[in-house]
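Single-letter residue listing:
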Amino acid sequence: MHTLLVWLAGGLTLVGSSQVALANGWNMPVGVSTLSGEIYGLHMTIFWICVVIGVVVFGVMFYSLFKFRHSRGAKAANFHENTTVEVIWTIVPLLILVGMAVPATATLQKIYDPSEAELDVMVTGQQWRWRYEYLGEDVSFISNLATPRAQINGEEARGEHYLLEVDEPLVLPVNRKVRFLFTSDDVMHAWWVPQLAVKQDAIPGFVNENWVEIQEPGIYRGQCAELCGVDHGFMPIVVHAVEEEEFDTWLAERKEAAAEEAMGIDREWEMDELMERGEGIYSSICASCHQPEGQGSPPAFPALAGNEQLISDKDWHVNKVINGVSGSAMPSFRNTLNPVELASVLTYTRNAWGNDTGEVVQPAEIAERLEE
C-alpha cells in the first residue's frame with residue numbers, strides 16, 4: 001500500500017509539473033492554427049505515454065531494488081533463455097510504438113497536405129529580409145527589420161519587441177487555408193512562427209510547401225531559424241491575422257496601390273519625389289550594410305558617400321544595383337524592388353550625403369534595363 005501511495009504521489013507531481021511548465025512557457029505553445037492545436041495534442045499524447053512508461057519501469061525497478069535487496073537475503077532469479085519473458089519484452093514495446101505511430105502518421109499526412117488552399121503566398125528569403133507575394137493578386141512587398149539602429153547599437157533602451165518587429169507584416173485572413181511556397185534568392189533561410197506551427201526551409205533553386213489556417217486574429221512573431229549570415233538575428237517575421245472582411249479590404253487597397261505604382265513607370269518623376277521615396281527605401285533595405293549616412297563598412301560594404309565611381313559612372317551604378325555583384329554580399333535587386341523603387345533609391349544614393357550629381361533616374365529607364 002505504501003509503495004502504491006508513493007507511485008500515486010509521483011504521478012500527481014508529474015501532472016502538476018507539466019501544468020507549471022506550460023504556464024511558464026517551458027512547454028511548446030498550443031498555437032492558434034488548426035495544425036498547431038493538433039500537433040500540441042499529439043505532443044501531449046506521446047508525452048503521457050512516455051510518462052506512464054517511465055513510472056512503470058522505474059516503479060518496478062525501485063520496487064525490485066527495495067523488495068529483493070541483498071540485505072534481506074534475496075537470491076537473484078535466472079531468466080536466461082526464458083521464452084515467455086523474451087516474447088513479452090519484444091511484443092509490448094512493438095505495440096507501444098505502433099500506438100504512437102498511428103496518430104503521428106495521421107498528423108504528418110495533414111501537415112504535408114496543402115491542397116484546397118484558398119490563398120497562395122510565395123515567401124522568398126533574402127539576406128536579410130523576407131519578400132511576400134500574393135500569387136494571382138499582383139501584390140508583393142518586402143518585410144524588413146524595424147528595430148531602430150539606436151537600440152541595436154545600445155544607444156537607446158530596447159523596446160518590447162526588440163528584433164521582432166518589421167515595417168511590413170504579412171497580413172493573412174483567419175479561417176482560410178493559406179498555402180505557402182518557400183524559396184530563397186541567396187542562401188538557405190528558414191521561416192519559423194511557433195504560434196502557427198510553421199517552420200520551413202527556404203532553399204535557393206527549390207520550392208517547398210507548407211500551409212496554415214489561423215483560427216484567432218492577432219499578431220504572431222517569429223524569426224529566421226537558419227544561420228544565414230552575419231545579420232541572421234536581424235531577420236524577423238511578423239504575421240498579422242485579421243478577420244476575412246478586413247483582409248479582403250486590405251488586399252483590394254494593396255492591389256489598387258500596386259496598379260497606381262505600375263502606372264507611375266511611364267511618367268516623369270521630379271527629383272524631390274524620388275529623393276523622398278528613395279530615402280525610405282535606403283533606410284529599410286540598404287542602411288544595414290552601407291550605414292545610414294552612406295559611410296559603409298569597408299571592405300565588405302564600400303562607402304557610397306563620396307564614391308567617385310558611383311558619382312561618375314551612372315551606368316555602372318545602375319548595373320550594380322539591378323544585377324548585384326557576383327561573389328560579394330551585394331545582392332541583385334532585380335526581383336526585389338520594382339522600377340519606381342529602383343529609380344528612387346538610385347536617385348537618392350546619387351544625390352545624398354554630398355554626392356550631388358544632379359541626375360534623376362527615371363522608372364521608365366529602369367524598366368527598359370530590366371527587359372534587357
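Conventions adopted
Residues numbered from 1 in each chain as written. Predicted model: local features only at pLDDT ≥ 70, side-chain atom pairs only at ≥ 80, totals over all residues. Heavy atoms only, no water. Pairing = 2+ DSSP bridges. Helix = DSSP H or I, 4+ residues; strand = E, 2+ residues; numbered from the N terminus. Axes fitted to C-alpha atoms, helices over the stretch in contact; angles between N-to-C directions. Salt bridge = Lys/Arg side-chain N within 4 Å of Asp/Glu carboxyl O. Buried < 20%, exposed > 50% of the residue type's maximum accessible area, 1.4 Å probe, protein only. Expected span 1.5 Å × (residues − 1). Contact = heavy atoms within 4.5 Å. Polar contact = N/O pair within 3.5 Å; in protein donor to acceptor, adjacent residues only side chain to side chain. Phe/Tyr/Trp six-rings, centres within 6.5 Å; stacked < 30°, edge-to-face > 60°. Lys NZ or Arg CZ within 6 Å of the ring centre and 35° of its normal. Parallel < 35°, antiparallel > 145°, perpendicular 65-115°, else oblique. Nonpolar A, V, L, I, M, F, W, Y, C, P; charged D, E, K, R; others polar.

### Remarks on the sheet that holds strand 10 (residues 236-242)
Okay, step 1: Pairing within the open sheet is mixed, and its five strands lie in the order 4-10-9-6-7. Because the sheet does not close on itself, it has two edges, and the strands there are strand 4 (170-173) and strand 7 (198-202). On average, each strand axis in the sheet is tilted by 25° relative to the strand beside it, whichever way the strands run.
Okay, step 2: Sheet analysis places strand 9 (residues 218-224) next to strand 10, joined by six bridges and oriented antiparallel. From the neighbouring strand, glycine 218 faces strand 10, where its bridge partner is alanine 241.

### As for the pattern of salt bridges
Okay, step 1: Applying the stated criterion to the full structure yields 12 salt bridges.
Okay, step 2: Glutamate 209 is the salt-bridge partner of arginine 179, the closest N and O atoms lying 2.8 Å from each other. Here glutamate 209 lies in strand 8 (residues 208-212) and arginine 179 lies in strand 5 (residues 178-184), a separation of 30 residues in the sequence.
Okay, step 3: With its nearest N and O atoms 3.1 Å apart, the salt bridge here joins arginine 267 to glutamate 273.
Okay, step 4: You can call arginine 267 partly exposed: its relative accessible area is 36%.
Okay, step 5: On the basis of relative accessible area, glutamate 273 is assigned to the partly exposed category, the value being 31%.
Okay, step 6: Through salt bridges that share partners, Asp120, Arg179 and Glu209 make up one connected network.

### A closer look at helix 9 (residues 339-351)
Okay, step 1: The end-to-end C-alpha distance of helix 9, which contains 13 residues, comes to 18 Å, matching closely the 18 Å that a straight helix rising 1.5 Å per residue would cover.
Okay, step 2: In terms of burial, helix 9 is largely enclosed, as 12 of its 13 residues are buried.
Okay, step 3: Taken together, the buried positions of helix 9 are occupied by Pro339, Val340, Leu342, Ala343, Ser344, Val345, Leu346, Thr347, Tyr348, Thr349, Arg350 and Asn351.
Okay, step 4: Elements in contact with the buried residues of helix 9: helix 5 (244-263), helix 6 (271-290), helix 7 (308-312), helix 8 (314-323) and helix 10 (363-370).
Okay, step 5: Between a side-chain oxygen at the N-terminus of helix 9 and the backbone nitrogen of valine 340 the separation is 3.1 Å; the capping residue is asparagine 338.
Okay, step 6: Positive backbone phi, approximately 55°, marks tryptophan 353, located one or two places after helix 9.

### Comments concerning the side chain of serine 36
Okay, step 1: Within the element layout of this structure, serine 36 appears in helix 2 (residues 34-67).
Okay, step 2: Those residues in contact with serine 36 that sit more than four places away from it in its chain are Val30, Gly31, Gln195, Leu196 and Ala197.

### With respect to the pairing of strand 2 (residues 129-134)
Okay, step 1: Within strand 2, five of the six residues are buried, which leaves the element mostly enclosed by the surrounding structure.
Okay, step 2: By the bridge criterion, six bridges tie strand 1 (residues 119-126) to strand 2 in an arrangement that is antiparallel. When the sheet's bridge partners are listed, threonine 124 is paired in strand 2 with arginine 131.
Okay, step 3: The antiparallel pairing of strand 1 with strand 2 creates a hairpin that spans two residues between the two strands.
Okay, step 4: Hairpin connection from strand 2 to strand 3 (residues 139-143): four residues lie between these consecutive antiparallel strands, with glycine 136 at a positive phi of about 80°.

### Focus on the side chain of arginine 131
Okay, step 1: One can find arginine 131 in strand 2.
Okay, step 2: The class for arginine 131 is buried, based on a relative accessible area of 17%.
Okay, step 3: Among the polar contacts made by the side chain of arginine 131, one reaches the side chain of serine 140 at a distance of 3.5 Å.

### Looking at the packing of aromatic side chains
Okay, step 1: In the structure shown here, the tally under the stated rule is 14 aromatic pairs.
Okay, step 2: Between phenylalanine 47 and tryptophan 48, the ring centres sit 5.0 Å apart and the planes meet at 70°, which makes this aromatic pair edge-to-face.
Okay, step 3: Of the residues examined, tryptophan 48 reaches a relative accessible area of 28% and is grouped as partly exposed.
Okay, step 4: Linked through ring pairs, Tyr132, Tyr134, Phe141, Phe247 and Trp250 together constitute an aromatic cluster.
Okay, step 5: When the ring centre of phenylalanine 66 is taken as origin, the NZ or CZ atom of arginine 69, which lies over that ring, is 4.7 Å away.
Okay, step 6: Sitting above the plane of the tryptophan 211 ring, lysine 177 keeps its charged end 4.3 Å from the centroid.

### Side note on the packing of helix 2 against helix 3 (residues 83-111)
Okay, step 1: The interhelical angle for the contact between helix 2 and helix 3, taken along N-to-C directions, is 170°, at an axis separation of 10 Å. In terms of orientation, helix 2 and helix 3 fall into the roughly antiparallel class. Contacts from Leu35, Glu38, Ile39, Leu42, Ile46, Ile49, Cys50 and Ile53 of helix 2 reach helix 3 at Ile96, Met100, Pro103, Ala104, Thr107, Lys110 and Ile111.
Okay, step 2: Residues of the contact of helix 2 with helix 3, tallied by class, amount to 12 nonpolar, one polar and two charged.

### Observations concerning the environment of isoleucine 142
Okay, step 1: Within the secondary structure layout, isoleucine 142 lies in strand 3.
Okay, step 2: If sequence neighbours within four positions are ignored, isoleucine 142 has contacts with Gln126, Arg129, Trp130, Arg131, Asp167, Glu168 and Thr336.

### Brief notes about the sheet that holds strand 3
Okay, step 1: Sheet architecture is open: five strands sit in the order 3-2-1-5-8, paired in mixed fashion. Looking along the sheet, the strands with just one partner apiece sit at the ends: strand 3 and strand 8. On average, each strand axis in the sheet is inclined to that of its neighbour by 25°, with strand direction left out of account.

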